[in-house]
Amino acid sequence: MIANLQLSDSINPADAVIFEVETFVKSNKPANGEYRHMILDAPSHVLNCQPGQFFHLLCPTSERHQPFLRRPMSIYGFFPEKNELHFLYKIAGKGTAALSELGTGDHLNVVGPLGHGYSIRDDWRNLLLVARGVGLATMAPLAQEAQRLGRKLTAICSARSENVLMSVDHFRALGADVITVTDEQGTSSVENMRRIIEEHVAAGKVDTMYTCGSNRLLRLLQEIGAAHGIPGEIALEQQMACGIGMCHCCVRPFRRDGAIVHERVCREGPVFDMQEAMGW
Amino acid sequence: MIANLQLSDSINPADAVIFEVETFVKSNKPANGEYRHMILDAPSHVLNCQPGQFFHLLCPTSERHQPFLRRPMSIYGFFPEKNELHFLYKIAGKGTAALSELGTGDHLNVVGPLGHGYSIRDDWRNLLLVARGVGLATMAPLAQEAQRLGRKLTAICSARSENVLMSVDHFRALGADVITVTDEQGTSSVENMRRIIEEHVAAGKVDTMYTCGSNRLLRLLQEIGAAHGIPGEIALEQQMACGIGMCHCCVRPFRRDGAIVHERVCREGPVFDMQEAMGW
Amino acid sequence: MVDLTTRLGTLTLKNPVMPASGTFSDDLAGVFDLGCLGAHVTKTVTREIRGGNPTPRVCEVRGSMLNSIGIPSKGIDHFITEVIPFYQRYETPLVVSISAHSGDDFARICEEISVPGVAAIEVNISCPNIEEDGKAFAMRPSSTRMVMEKVRGASDLPLWAKLTPNTGETTEVAIAAQEAGADALVVSNTLLSMAIDIHTRKPKLGSLMGGLSGPSLKPIALRMVYQCAKSVNIPVIGCGGISNVEDAIEFLIAGASAVQVGTATFINPLIMPTMIRDLEAYLIKHGISSVSELVGSVDDAAALDGVVFMEAAP
Amino acid sequence: MVDLTTRLGTLTLKNPVMPASGTFSDDLAGVFDLGCLGAHVTKTVTREIRGGNPTPRVCEVRGSMLNSIGIPSKGIDHFITEVIPFYQRYETPLVVSISAHSGDDFARICEEISVPGVAAIEVNISCPNIEEDGKAFAMRPSSTRMVMEKVRGASDLPLWAKLTPNTGETTEVAIAAQEAGADALVVSNTLLSMAIDIHTRKPKLGSLMGGLSGPSLKPIALRMVYQCAKSVNIPVIGCGGISNVEDAIEFLIAGASAVQVGTATFINPLIMPTMIRDLEAYLIKHGISSVSELVGSVDDAAALDGVVFMEAAP
Ligand SMILES: Cc1cc2nc3c(=O)[nH]c(=O)nc-3n(C[C@H](O)[C@H](O)[C@H](O)COP(=O)(O)OP(=O)(O)OC[C@H]3O[C@@H](n4cnc5c(N)ncnc54)[C@H](O)[C@@H]3O)c2cc1C
Ligand SMILES: Cc1cc2nc3c(=O)[nH]c(=O)nc-3n(C[C@H](O)[C@H](O)[C@H](O)COP(=O)(O)OP(=O)(O)OC[C@H]3O[C@@H](n4cnc5c(N)ncnc54)[C@H](O)[C@@H]3O)c2cc1C
Ligand SMILES: Cc1cc2nc3c(=O)[nH]c(=O)nc-3n(C[C@H](O)[C@H](O)[C@H](O)COP(=O)(O)O)c2cc1C
Ligand SMILES: Cc1cc2nc3c(=O)[nH]c(=O)nc-3n(C[C@H](O)[C@H](O)[C@H](O)COP(=O)(O)O)c2cc1C
Ligand code: FES
Ligand code: FES
C-alpha cells in the first residue's frame, strides 16, 4: 500500500537530477530568417545546467501537428535567477513546426537537464569554438561559462550568409573574439577555415577546440588537433526516444583503444571527445 | 489519366446532395446550465436541409481531446439566407468537449445534410410534439416548418427543472402552444403526460405525434397512437462511423410486417415510424 | 501530364485509388462522382441472407477505430439484381467481395457472381473456416490454398485474395494464394482487437472483439505489403490506415500496385478524389512520369541484411 | 485505505505497475525514486556480448513508434557484477529479462542468472529460434513449450513467458507456456511493422522492420490479455500501449494481474509513479477496496456468444 505522501516524495525525491516540469512560454520569436528564439519561464530548480546539456521537449499536439516522441533541444541559455530557459531552433519537421506555433503564456512540458556537457579543464586557458548553423545554440552557454571562468575565447561562426549568422553579438558581449565566415563571401571553405585556425594555433591561442554538428568541421578539427596535440570536444546529434539513457536508440560509434564502441548520445553525450568521434 | 479539372468536377458534381465543407464558428455559448448553442457560418448550398436531418462534425483535435470519428448532431436551425447553421448540444464526452472549446472564428469541418427527416403529410393539420432534453434540438426546425406550412402545433417540453427547459420561447415564437412539465414539479411523470396528451387527443388536437430519444416517451406515445390510430414519428440515435450509409454500424431493429428488420439510423433515419420503433 | 494508370494483371485502372470493402457503397455517390475512382469495391456479400453482429458495432480507440459489423448480407440475388446494376452507370471496374464458410460454398458464390458487369472478385478469406477449427481461411497457407483453388476452378474473372494481419505466416499465405491461382493480393483486412469501457466494465463492442482499422494499422499493413511484394509476382493492393496521399505513396513505394482506402473515408468522405488529385500533383512536382515508377521503388539495399532477423522478431 | 497489492504466483507486489523490458534502466532513478514501483524489469540480456542493430533504431508513426533496437548486451558477467547490485538498494523485486537463440542456451543463461537478488526471470521468447526456421520461439506453441520446459528445468525462480503479438496462435502459445511450467505470462511484446520515408524511399529504420509500441498497440494487446486470461490459470501481466491509469485499469479488468509500461515512459518519465497514485485515487473514488477486485472483472456475459466467431475473424 502506497500513501500519497510517499509517492509525491518519490516523484520529486531529494536526489532527483532530471525533472519533468511544465514551463510557460515567455516569448517565441524569429531570431532571423531561419531560426527562432524561445524563452521559457521554468522553475529555478531545473535550471542547474551544464553548458552542452539539453532538454527533451513535449512539442504540442494541434490539429496540424501531432508529434509523438519528445524532441531534444540544446540549452541556448539558462538563467535560474530569472527563471529563464532559452532555446534557439530551426523548423525541421512537425515537432519544431508545432513548437513554433506556441504563443506567450502557452505551456510546454520539458524533461531535463539531460546528458553530459562540455568540460573546461583548468589548464585550458584559450578556447577555440567553431560552429555552424543552429549548432551555435549549444555553444552559447559554453561561451558564458568560459567568461565566468575568465578564459580567453575565440569563436569562428560559419553560416550561409551574413544575415543568417546568429549569436555573433551574443558572443562578442561575452568577450569573445569573433570571426565570421560565410558561404556567400566564399570564406567558409575548409581551406580558409584551416588557414584561420592554423594561424590561431601558431599564435598559441588554442588550448582546446569545441565544435558541433558538421561532419566537414569535425574532420578538419580532428586533423588539426591530431597534428598539434590539441584536445577537443564535439556535440553530436542522434534521433532520440527516451532522452534519459534507457532505450539505446541514440547510439553512435566511437573509436576508442583501437576498437569501435557505441555510446548513447543522450547519456554519455551529447558532448564527446573530438578524436574519438567518427564522421558520418 | 485524370485532369485536375475533371477531378474538381467530381468532388462537387452537380448532383451532390451531401457536402463536406469547412464552416466557421460565429458563436458557441452556453444556452443554459447544461446545453450549448453553436452558430456556424456555412455556405448556403449546404443549407438545403429538411427538419430532422443532421450533420456529422469533425470535432477538433487539441492537446486535451483527440476524438477520431465524427460526431452526429441534429440541425437545430438552418438559415440559408444568412448562411447560418445552428446546433444545440450537451457535453457528453471528448467529442462534444472538444466542440465546446471552439471559439468565434475557428473552423469546423462538417458533412451533411444527412439522413431522412420528419414528414408532415398534407392531412396532418394538428401536430403534437413531445420532447425531452437535448432532443428538443431536432424538433426546432420541425416547428419552424410547421409554421411555414400553417399547421397548428402543440409542444410538450419535458425537463429536469424549469431552468434547464430550453427552446420554450423559441417554440412560442413559432406560434406553438407550449406545455412544460418538469421532474422538479412532479409534472413530467408518464401518468401526467398521458393525461395531458389524452386530453389533447380527445379535443381533436392531434393528427400526428413527433418525439425523440426517450424510451419512456416512446412507449407512451406508441400506446396512445395505437389506441387512437394516430400516426407518429420518432428520431433515434445510434453510434455512427460514416454517417452516410456505408458502414452499417448504426443499425437499430424495427418491427415491420411481423418481422424484425434492421435499418441504418444515418440513412433510413434518424426519423422513423413511431409504431415500428422498438424500445431499448 | 503524368500517367496515373496502374496494371493489376489483365485489368488496367485509370488510377491506383479504390475503396476498401465494407467502407463504400452507392450512398457515397451523394458526395462525389464515383466515376473518378480507380475501381469500385463492394461490401462483402454472402450467398445467404445474414443479419450481422449485435450493436455497438464500432468504437473509437486512440487515433483509430474497431468494428464488428460482421457481414450483414441481403444475399446474392438481391446483390445481382440491385447492386450490380447501380454500378453499370460507371466505366470504372466493379470488384465484388465475396465470403463463405467452406471451400465449396466459396466456389458456388464465386461462380454465381461471375456475371456481366463484374470486373474482378475479391475473395475475403478472413472469415471462419467452419469445416476445420473455425479459424479464418487466411490464417494458414493450407486453407488459403484450398479456398483459392476452389474459386479458381469456378470463375475466369480476375481473383483477388484478401489477407489477414492476424496470421503469423503472412508470406507463406501470400505464396499459397499465388500458387493457387490468385491474380492479386489485397493486404490487408483488420486486426483482431478489443476495448473495454472501464466504468461499465463492458466490452465496447457488442461482439466483444472487433477489427482494428485506421492509422494504427498502417505500419503493420505496410510491413505485410512489403513482405508480400517481395515474395510473390502477382500485384499487391495495399490497404490499412491509408489516410492521405503520403500514406498512399508509402504503400506504392513498399510494393503496392494500388491502394484501398477504408476508415479514412469515414473521417473525410472526399479523401479518395482528393488523394487522386494530390497524387497527380505529387508526381508532377517531383518529376515522376508514372505511378509505375513508384511501385516497389523502396531503397532497401542497406537494410536487407537485417531482414531475416527482423522478420522473426523486431 | 485501499489495497494496491497484487499476487503473481509466489510473488506479491506492493502495486501492479512495473516497467516493460527495454524501456527502463537505472538512469530513471535520476527522475524519481524507483522504490515506488511494483517491480523492476531489466532490458533483455544475453549470455554473449552483442552489438544491437544499425541506426536509426526508432521512428515515429502516427501516435506511436517503431523500434529496432535489437538486444545490445554487455553479456551476463557484466550484468551480474554491475546491474544486479544496483537494484539491491531497493526492496522492489527485480525481474531479469533473458534471451537466447536455442533452448539449451536459454537454459544456460537462466541457470546462470538465478542468483541472489533476482526475484523472477522474464523469458523473452520473441527472438528467433535459430535451430529451426528462424521464427521467434513465441510464434508457435511447440517452440514455446520447448524453451519453457528447458528454462523450467534450469531454475527454481518464478518464470514469466513474454509472448508476441506476431503469432496467429495466441491462446495455443499461452497454454503451451503454462503447461511447460511458466508462472506468469507477459502479454505482449511489440508487433512487426515498417515505415518508409517517401522522399528518400529508404526504410525509416536501419533494420528495415521494427516493432510497433505505444497507443496503437493497445487494443491488440488488450485482446491478447483477455484471450490469455480466459485460457490459462497463471497470472497475466498486461503490456502494450498503456499510457495512463485508465489504460491500466482497462487491462486489469480484461484479466491482467499487473501491467508493464513501456513507451509511455519515454513521453512522460513520471508516468509510472503518477499511475500508481492515480490508481489509488481511482479505487478510493469508486469505493473499490483492492486491485484484485478489478482483475478479470470484465462483464462479458452478453457478448460471449460472439467470441468464437470473433476470435476467428473480426
Ligand atoms: C542533443 C541534441 C540537441 C539539439 N539541439 C538543437 C537546437 O538547439 N536547435 C535545433 O534547432 N535543433 C536541435 N537539435 C535537433 C532537433 O532535435 C531536431 O531538429 C528535431 O528533433 C526535429 O524534429 P522535427 O519533428 O521538427 O523534425 P522531423 O524530421 O519530423 O523529426 C522526425 C524524427 O526525427 C528526429 N530528428 C530529426 N532531426 C533530428 C536531429 N537533427 N537530431 C535528433 N533527432 C532528429 C526527431 O526528433 C523526430 O523523432 C538537437 C538534437 C539533439 C540530439
Ligand atoms: C442523429 C443524431 C443526432 C444527434 N443530435 C444531437 C444534438 O442535437 N445534440 C446533442 O447534444 N447530441 C446529439 N446527438 C448525440 C451526440 O451525437 C453524442 O452526444 C455525441 O456523439 C457524443 O460524443 P462525445 O465524444 O462527446 O461522447 P463519447 O461518449 O466520448 O463518445 C464516444 C462515442 O460514442 C458515440 N456516442 C456517444 N453518445 C452517443 C449518442 N447519444 N448518439 C450517437 N452516438 C453517441 C460518439 O459519437 C463517439 O463515437 C445526436 C446523435 C445522433 C445519432
Ligand atoms: C466498418 C468496416 C467494415 C468492413 N467490412 C469489410 C468487409 O465486409 N469485407 C472485407 O473484406 N473487409 C471489411 N473491412 C475491412 C476494410 O476493407 C479494410 O481492410 C480495413 O478497414 C483496413 O483499411 P483502413 O484502415 O483503410 O480502414 C471493413 C472495415 C470497416 C472499418
Ligand atoms: C525501445 C524499446 C526497446 C525494447 N526492448 C525490449 C527488450 O529488450 N526485451 C523485451 O522483451 N521487450 C522489449 N521491448 C518491448 C517492450 O517491453 C514492450 O513489450 C512493448 O514496447 C509494448 O509496450 P508499450 O507499448 O508500453 O511500449 C522494447 C520496446 C521498446 C519501445
Ligand atoms: S534516447 Fe533513449 S537511450 Fe538515448
Ligand atoms: S453510420 Fe455508417 S451506415 Fe450509418
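Think of each chain on its own: its residues are numbered from 1, step by step along the sequence as written. Chain letters start at A and ligand numbers start at 1, both assigned in the order the entries are written. Per-residue local features of the predicted model are confined to residues with pLDDT of at least 70, and side-chain atom pairs are confined, for both listing and counting, to 80 or more; whole-chain, interface and lining totals are unaffected and use all residues. To obtain the side-chain values, all non-hydrogen atoms of the structure were used and water was disregarded.

### A word on the domain arrangement of chain A
Residues and elements named next belong to chain A. To keep things clear, this is the line we draw: Note that the domain bounds reflect an automated or database-derived domain assignment. Should any heavy atoms of two residues lie within 4.5 Å, those residues are considered in contact. Defined here as a combined quantity, buried area equals the accessible surface (1.4 Å probe) lost by two parts on assembly, summed across both. A side-chain nitrogen of Lys or Arg and a carboxyl oxygen of Asp or Glu constitute a salt bridge if their distance falls within 4 Å. Whenever a nitrogen or oxygen atom comes within 3.5 Å of another N or O atom, the pair is scored as a polar contact, on the condition that within protein one atom can donate a hydrogen and the other can accept it, and that pairs from neighbouring residues in sequence are kept only if both atoms are in side chains.
Domain annotation for chain A reports domain 1 (3-114) and domain 2 (126-233). With centres defined by C-alpha atoms, the gap from domain 1 to domain 2 works out at 27 Å. Taken residue by residue, the interface counts 14 residues in domain 1 and 16 residues in domain 2. Carbon and sulfur atoms make up 64% of the surface buried where domain 1 meets domain 2, a total of about 1200 Å² over both sides. At the junction of domain 1 with domain 2, the criterion picks out one salt bridge. One salt bridge connects glutamate 34 with arginine 160, and the closest N-O pair in it is separated by 2.0 Å. Our enumeration of links across domain 1 and domain 2 arrives at one residue pair in polar contact (both at pLDDT 80 or more).

### Brief notes about the arrangement of the chains
In this assembly, four pairs of chains are in contact, and the pair contributing the most contacts is chains C and D. There is a clear gap between chain A and chain C: no contact, and 11 Å between their nearest C-alpha atoms. Across all C-alpha pairs, the smallest distance from chain B to chain D is 11 Å, and the two are not in contact.

### Digging into the relation of the copies chain D and chain C
Keep this limit in mind: Here the copies were fitted onto each other by least squares, based on C-alpha atoms from residues at pLDDT of at least 70 in both.
Screw-axis analysis of chain D against chain C gives a translation of 0.0 Å along the axis, an RMSD of 0.0 Å, and a rotation angle of 180 degrees. Both copies of the chain, as the preceding transformation shows, are related through a two-fold rotation axis. Looking at the interface residues of chain D, 100% of them are also at the interface in chain C, so both copies use one shared face.

### Comments concerning the site of ligand 4
Quick note on the threshold: To be near a molecule or strand, a residue needs just one of its heavy atoms within 4 Å of it.
In the region of ligand 4, 23 residues are neighbours, and Ser21, Thr44, Lys162, Gly241 and Thr263 of chain D sit closest. Neighbouring residues of ligand 4 are not confined to a single chain but are spread across chains A and D. The separation between an oxygen atom of ligand 4 and a polar main-chain atom of serine 21 of chain D is 2.7 Å. Interatomic distance of 3.4 Å between a side-chain N/O atom of asparagine 189 of chain D and an oxygen atom of ligand 4.

### Looking at the sheet that holds strand S6 (residues 84-90) of chain B
Residues and elements named next belong to chain B. Rule in force here: Any two strands between which DSSP finds at least two bridges are classified as paired. The helix count covers DSSP runs of H or I at least four residues long, the strand count covers runs of E at least two residues long, and both are numbered beginning at the N terminus. Here the axes come from fitting lines to C-alpha atoms, over the contacting stretch only for helices, and the angles between their N-to-C directions go from 0 to 180 degrees.
In spatial order, the strands read S4-S3-S7-S1-S2-S6-S5; together these seven strands make up an open sheet with antiparallel pairing. Two strands in the sheet have a free side with no partner beyond their single neighbour: strand S4 (71-74) and strand S5 (77-79). Neighbouring strand axes in the sheet, compared pairwise and without regard to direction, differ in orientation by 35 degrees on average. When strand S1 (residues 19-30) meets strand S7 (residues 107-114), the two strands line up antiparallel, connected through six bridges. Residue glutamate 22 lies in a different strand from S7, and its bridge partner there is asparagine 109.

### Here we look at the packing of helix H6 (residues 245-254) of chain D against helix H8 (residues 271-285) of chain D
Residues and elements named next belong to chain D. Rules: When describing relative orientation, an angle under 35 degrees is termed roughly parallel and one over 145 degrees roughly antiparallel, while 65 to 115 degrees is termed roughly perpendicular and anything else oblique. Should the near helix be turned anticlockwise from the far one by less than a right angle, the crossing is termed left-handed; should it be turned clockwise, right-handed.
Where H6 meets H8, the closest approach of the two axes is 9 Å, and the angle between their N-to-C directions is 65 degrees. Here H8 runs roughly perpendicular to H6, going by the angle between their axes. As for how H6 packs across H8, the hand of that crossing is right-handed. Across from Val245, Ala248, Ile249 and Leu252 in H6, the residues of H8 making contact are Met275, Asp278, Leu279 and Tyr282.

### Things to note about the interface of chain D and chain C
If you look at the interface, chain D gives 75 residues, while chain C gives 75 residues. Here chain D packs against chain C, burying approximately 5700 Å² in sum over the two surfaces, 66% of which is carbon and sulfur. Counting across the chain D and chain C interface gives six salt bridges. In this structure, glutamate 172 of chain D and lysine 135 of chain C form a salt bridge, with 3.2 Å as the shortest nitrogen-oxygen distance. Where chain D touches chain C, the interface holds 19 residue pairs in polar contact (both at pLDDT 80 or more).

### Here's the deal with unusual backbone geometry
Here the bond from threonine 55 of chain C into proline 56 of chain C is cis, since omega is -10 degrees, no more than 30 degrees from zero. Looking at the element boundaries, proline 56 of chain C is found in the loop between strand S4 (40-41) and strand S5 (58-61). In this chain, valine 187 of chain D is followed by serine 188 of chain D through a cis amide linkage whose omega measures 10 degrees. Note on placement: serine 188 of chain D falls in the loop between strand S10 (184-187) and strand S11 (191-194). Although it is not a glycine, aspartate 257 of chain A sits at a positive phi angle of roughly 50 degrees.

### Looking at the site of ligand 1
Residue and element names in this part refer to chain A. To be explicit about the condition: The Shrake-Rupley method, run with a 1.4 Å probe sphere, supplies the accessible areas, and residue values consider only the shown protein chains as cover. Residue polarity is assigned by list, with Asp, Glu, Lys and Arg as charged and Ala, Val, Leu, Ile, Met, Phe, Trp, Tyr, Cys and Pro as nonpolar; anything else, Gly included, falls into the polar class.
The environment of ligand 1 is made up of 20 residues, and the closest members are Arg71, Pro72, Gly95, Thr96 and Glu237. A distance of 2.8 Å separates an oxygen atom of ligand 1 from a polar backbone atom of glycine 93. Here ligand 1 has 820 Å² of accessible area as a free molecule, and 82% of this is covered by the chains. Contributing elements (two or more residues each) for the shell around ligand 1: strand S4 (71-74), strand S6 (84-90) and helix H2 (94-100). The leading source of residues in the shell around ligand 1 is S4, at four residues. Broken down by class, the residue content of the shell around ligand 1 amounts to ten nonpolar, six polar and four charged.

### Some words on the interface of chain C and chain B
The interface is formed by 43 residues belonging to chain C together with 34 residues belonging to chain B. With both chains or domains summed, chain C and chain B bury close to 3300 Å², and 64% of this area falls on carbon and sulfur atoms. Together, Asp27, Glu60 and Ile267 of chain C form the three largest contributors to the area buried by chain C at its contact with chain B, with a combined 21%. Across the chain C-chain B interface, the total number found is four salt bridges. The closest approach of N and O atoms between arginine 71 of chain B and glutamate 60 of chain C, which form a salt bridge, is 2.7 Å. Taken together, chain C and chain B are joined by ten residue pairs in polar contact (both at pLDDT 80 or more). Here the element with the most residues in the side of chain C that touches chain B is helix H8 (residues 271-285) of chain C; it accounts for five residues.

### Some thoughts on the confidence of the model for chain A
Just so we agree on the cut-off: pLDDT is a residue-level measure of predictor confidence that goes from 0 to 100.
Of all residues in chain A, 94% attain a pLDDT of 70 or more, and the chain-wide mean is 90. Confidence, read as mean pLDDT per element, is least for helix H1 (residues 4-11) of chain A in chain A (53) and greatest for strand S3 (residues 54-58) of chain A (98).

### What about the environment of threonine 44 of chain D?
Residues and elements named next belong to chain D. By the element assignment, threonine 44 lies in the loop between strand S4 (40-41) and strand S5 (58-61). Among residues more than four places away in sequence, those in contact with threonine 44 are Ser21, Ile71, Ser97, Ile98, Ser99 and Asn124. A polar side-chain atom of threonine 44 sits 2.6 Å from a polar atom in the side chain of serine 97. Engagement of the side chain of threonine 44 in a polar contact is seen with the side chain of asparagine 124, the distance being 3.1 Å.

### A word on the packing of helix H1 (residues 75-87) of chain C against helix H2 (residues 103-113) of chain C
Residue and element names in this part refer to chain C. One can describe the packing of H1 onto H2 by two numbers: an axis separation of 11 Å at closest approach and a directional angle of 20 degrees. Compared by their axis directions, H1 and H2 come out roughly parallel. Crossing handedness for the pair H1 and H2: right-handed. In this structure, H1 contributes Ile76, Phe79 and Ile80 to the contact, and H2 contributes Ile109, Glu112 and Ile113. In terms of residue class, the contact of H1 with H2 is made up of five nonpolar, no polar and one charged.

### Considerations on the packing of aromatic side chains
Between two aromatic rings, the relevant description is the distance of the centres plus the angle of the planes. Residues and elements named next belong to chain B. Definition in use: In this analysis, rings of Phe, Tyr and Trp, with Trp reduced to its six-membered ring, are considered paired at centre separations within 6.5 Å, and the interplanar angle assigns stacked below 30 degrees, edge-to-face beyond 60, and tilted for intermediate values. When a residue's accessible area, from a 1.4 Å probe over protein chains only, is under 20% of the maximum for its type it is buried; when over 50% it is exposed; and in between it is partly exposed.
For the structure shown, the criterion picks out 16 aromatic pairs over all chains. With a centroid separation of 6.2 Å and an interplanar angle of 80 degrees, the aromatic rings of phenylalanine 55 and phenylalanine 87 are classed as edge-to-face. Within this pair, whereas phenylalanine 55 is found in strand S3 (residues 54-58), its partner phenylalanine 87 is found in strand S6, the two being separated by 32 residues in sequence. According to the relative accessible area criterion, phenylalanine 55 is buried, its value standing at 0%.

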